[in-house]
Each structure stands twice: as C-alpha cells, then as structure tokens.
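Coordinate analysis (summary)
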Amino acid sequence: MISEPIVVTQHLFHTYQSGAISKDALIDINLEIARGSCVAIIGVTGSGKSTLVQHFNGLLRPTQGSVLVDGIDVGASGVDLRALRQRVGMLFQFPEGQLFERSIFADVAFGPQRMKLGRHEVRARVIASLDTVGLPCHEYGKRSPFDLSGGQRRRVALAGVLAMLPHVLILDEPTVGLDADGRAEFYTYLRRAQELQGVTIILVSHDMAEVASLADQLFVLHDGHLVMQGTPRSIFSESERLRQYGLAAPPLGELLALLRTGGLAIPEEIF
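Within each chain, residues carry numbers counting from 1 in the order of the written sequence. In view of the model being predicted, local features appear only for residues whose pLDDT reaches at least 70, and side-chain atom pairs are presented and counted only at 80 or more, with totals across whole chains, interfaces and linings using the full set of residues. With hydrogens and water stripped out, all remaining heavy atoms of the structure feed into the side-chain values.

Observations concerning the overall build of the protein
- Within the protein, the regular secondary structure consists of 11 helices and 10 strands.
- The globule rule puts the C-alpha radius of gyration for 271 residues at 18 Å, and the 20 Å found for the protein is close to it.
- The dimensions of the protein, computed from C-alpha atoms along their principal axes, are 60 × 50 × 35 Å.
- When the 271 residues of the protein are sorted by exposure, 47% land in the buried category.
- Restricting to contacts in the protein with at least 6 residues of sequence separation, those with at least 24 account for 64%.
- Note on areas: Shrake-Rupley with a 1.4 Å probe; residue coverage comes only from the protein chains shown. As displayed, the protein has an accessible area near 13,200 Å², and 52% of this comes from carbon and sulfur atoms.
- We count Lys and Arg on the positive side and Asp and Glu on the negative side, and we leave His and both chain ends out. Taken as the charge location is NZ of Lys, CZ of Arg, CG of Asp or CD of Glu. In the protein, the 25 positive side-chain charges and the 29 negative ones have mean positions that sit 8 Å from each other. Labels follow the DSSP assignment, with helices taken as runs of H or I lasting at least four residues and strands as runs of E lasting at least two, numbered in each case from the N terminus. With the radius of gyration taken over C-alpha atoms, the globule rule is written as 2.2 Å times the number of residues to the power 0.38. Three exposure classes are used, based on accessible area relative to the maximum for each residue type with a 1.4 Å probe and protein chains only: buried under 20%, partly exposed in between, and exposed over 50%. By definition in these notes, contact holds between two residues if any of their heavy atoms fall within 4.5 Å.

In structure tokens, the structure reads:
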C-alpha cells in the first residue's frame, strides 16, 4: 500500500560552480514521493531532472535545503552514503553497456557480493531477480550477457540492481533505444518488480506515453523549478500549459483533446 513519503525535499537548491561561473540547476524544490509508488520526473533537456535524482542517492549534495531518503538526511555531515546507496538503486541510460562478467549469473551477483553477503544469500537473490525480469537462472544463468538481445541485456542490468533489494529504484530514460516489443517487455517486468518487492520507482523520461501508463504521480521541471505536480490525468489535461514548458501530452491524449474541441462528447476521465 502507498503510505508515508520515502523521499522528501524541502527548499532544495543546487548550484553548479566552476571557478567564477555558477549555474542554478535546482531552485527551491519541494516534493514528496510516497513509499511504494511509481512517479515520473519530466521536463526538457536541461530542466534539472538528472540533477534532482542524483540527490536521492548522494551522487550530489544540496547547496541549500534538505533531502530525506528513507530516513537518511542526504546533506547531513558524516552521512553514510554506502547505506544510502544500498537502499537506492540507480539504472542509467543504456545500462547494458556496464555489463562486464562472462556469465549472466556473475553479473547479477556482483552487487550482492559487494554487500558482503553469504554465498547462499547471493545465489538466492540472483535466482529471484532473474525470475522477476523473465530470465530464469536455470536457462540463462550460465550464458554470456553479450549473447542476448538489447532488451534482454537491459533486463539483466535491471536484475543486477534488484538483487541488491533496493527500497527505491531510479531509472533514467529506461527504454531509450529499445523497439516497441523491448519497451513493452521492460514495462512488464518493471511492474512485476514493484509488485514483488514493493520498491518505489522513480522514472526520468521524455516519453509521455511511457509515464502516462506507468506513473501514479508526475513532477514537471522547467529551468530548475518544479512547475507542475499531480496525477498523469491532471497534468496531461493542461496541454496548453505543458506546451509552455516544451512538453506535450501523449499522442492519444492530444487526439482526444482535438476531438473534444471538434464537438465530440468524450468523457474527461478518458485521457
């Protein structure tokens, strides 16, 4: 069940500094992400999306304000970043490029082994995470990840993060470069991971159809400001405002809006 927030930012500012030159990347961001939810952070390139999510696992620290993730104050002096990063898994764009072991089993086991877990626990986690992403260990464990399709390799990378049992999973453009079938498969296994592990999912995406189908809540960034937040239904109903920020509702949503403008009585709850 969705309950108390697992991520809270209060008056978060982040400024990049290079010599005498500074750039305000995040400006007074206040948001809450509910535990167990799936949210999406959207905005055009340079809006601050990646800067924001990098605060959630301590890759960046606040210039001002606070970030609280699963009870850990990211900006606190002496914060245990190792503990934070065990709770917050992150999958960057094209994560299959980070696969390096000779077998799929070894690649997925790498993270749990770094956590100093026992051999039996590591094996149990690898088997469970490969099952979650639809690549059963008995069939795929001994194979090389480089013999798989692009979509399957990305699912191996996802399994490697899930094997660490994160409380929060951050995915930066998770389906970029995949064909329609690969995207559909990835969404299926992402939902399964959320159902089985109760993990909170944070998506960074340019794909409005993707976030409309997956996310419970959207946060819209523009020039470092949080300019809109709400359900996909409420956000995509404000198509004119979205255009001001360089975004558009999903294609089907745009079509329905045009049909309503043309006089068809299409219920507003259909978006």
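Points about the sheet that holds strand β1 (residues 5–18)
- Strands sit in the order β2-β1-β4-β5 across an open sheet of 4 strands; the sheet is antiparallel. Sheet topology places β2 (21–34) and β5 (72–73) at the edges, where each strand pairs with a single neighbour. Two strands make a pair as long as DSSP finds a minimum of two bridges between them.

Description of the layout of surface pockets
- Using a 1 Å grid laid over the protein atoms alone, points where a 1.4 Å probe fits but cannot get out form a cavity; open sets with protein on both sides within 12 Å along at least 5 of 7 lines form a pocket; any residue with an atom within 4 Å of a point counts as lining. Grid points are joined across faces, edges and corners, and a volume is the space filled by probe spheres set on the points. Considering only enclosed or pocket space, the largest pocket measures out at about 820 Å³ in volume.
- Every residue lining the largest pocket is counted, 26 residues in all, and those nearest its centre are Met-90, Phe-110, Gly-111, Val-161 and Met-164.
- Looking at the lining of the largest pocket, the elements with two or more residues in it are α2 (81–87), β6 (88–91), α3 (104–114) and α6 (150–162).
- At 5 residues, the largest contribution of residues to the lining of the largest pocket is made by α3.
- Residues are grouped as follows: Ala, Val, Leu, Ile, Met, Phe, Trp, Tyr, Cys and Pro are nonpolar; Asp, Glu, Lys and Arg are charged; every other residue, Gly included, is polar. Tallied by class, the residues present in the lining of the largest pocket amount to 16 nonpolar, 6 polar and 4 charged.
- The volume enclosed by the second largest pocket comes to roughly 210 Å³.

Concerning the confidence of the model for the protein
- On average, residues of the protein score 91 in pLDDT, and 98% of them are at 70 or above.
- pLDDT: the predictor's confidence for each residue, scored from 0 to 100. Confidence, expressed as mean pLDDT per element, reaches its minimum in the protein at helix α11 (residues 251–261) with 81 and its maximum at strand β10 (residues 225–230) with 97.

With respect to the packing of α6 against helix α7 (residues 180–197)
- Two elements in contact, α6 and α7, have axes separated by 11 Å at closest approach and are oriented at 15°. Here α6 lies roughly parallel to α7, going by the angle between them. As α6 runs across α7, the sense of the crossing is right-handed. The residues of α7 that touch α6, namely those facing Arg-154, Arg-155, Leu-158 and Leu-162, are Glu-185, Phe-186, Tyr-189, Leu-190, Ala-193 and Gln-197.
- Its residues assigned to classes, the contact of α6 with α7 shows 6 nonpolar, 1 polar and 3 charged. Axis definition: a line fit to C-alpha positions, over the contact stretch in the case of helices; interaxial angles, taken between N-to-C directions, run 0 to 180 degrees. Angles below 35 degrees are treated as roughly parallel, those above 145 as roughly antiparallel, those between 65 and 115 as roughly perpendicular, and all remaining angles as oblique. Take the far helix as the reference: if the near one is turned anticlockwise from it by less than a right angle, the crossing is left-handed, and if turned clockwise, right-handed.

So, unusual backbone geometry
- You will see that Glu-173, though not glycine, has its phi angle at about 50°, which is positive.
- With a phi close to 50°, Asp-223 is a non-glycine residue in the positive phi region.
- By secondary structure assignment, the location of Asp-223 is in the loop between β9 (217–222) and β10.
- Relative accessible area serves as the criterion here: at 51%, Asp-223 is assigned to the exposed category.

Looking at the sheet that holds strand β3 (residues 38–42)
- The 6 strands are arranged β6-β7-β8-β3-β9-β10 in an open sheet whose pairing can be described as mixed. Looking at the sheet topology across the chains shown, the edges are occupied by β6 and β10. The mean angle between the axes of side-by-side strands here comes to 20°, regardless of whether they run parallel or antiparallel.
- Across 4 bridges, the pairing between β3 and strand β8 (residues 200–204) is parallel. Residue Ile-41 lies in a different strand from β8, and its bridge partner there is Val-204.
- Where α6 meets the sheet, its contacts fall on β6 and β7 (168–172), and the angle it forms with β6 comes to roughly 165°.

Regarding the side chain of Asn-57
- Tracing the backbone through its elements, the reader meets Asn-57 in the loop between α1 (49–53) and β4 (64–69).
- A 3.5 Å cut-off defines polar contacts: any pair of N or O atoms within that distance qualifies, except that in protein one atom must be a possible hydrogen donor and the other a possible acceptor, and neighbouring residues in sequence count only when both atoms are side-chain atoms. A polar contact is formed between the side chain of Asn-57 and the backbone nitrogen of Leu-59, at a distance of 3.3 Å.
- Residues within four places of Asn-57 in sequence aside, it is in contact with Leu-84, Arg-85, Val-88 and Met-90.

Structural notes on α6
- Between the first and last residue of a helix there are one fewer steps than residues, each counted as 1.5 Å, and that sum is the expected span. Helix length check: α6 (13 residues) gives 19 Å between terminal C-alpha atoms against 18 Å at 1.5 Å per residue, within 8%.
- Extensive coverage of α6 is indicated by the burial of 11 of its 13 residues.
- Every buried residue belonging to α6 is among Gly-151, Gln-152, Arg-154, Arg-155, Val-156, Ala-157, Leu-158, Ala-159, Gly-160, Val-161 and Leu-162, and all of these are buried.
- Next to the buried residues of α6 lie β6, α3, α4 (119–132), α5 (137–140), β7 and α7.

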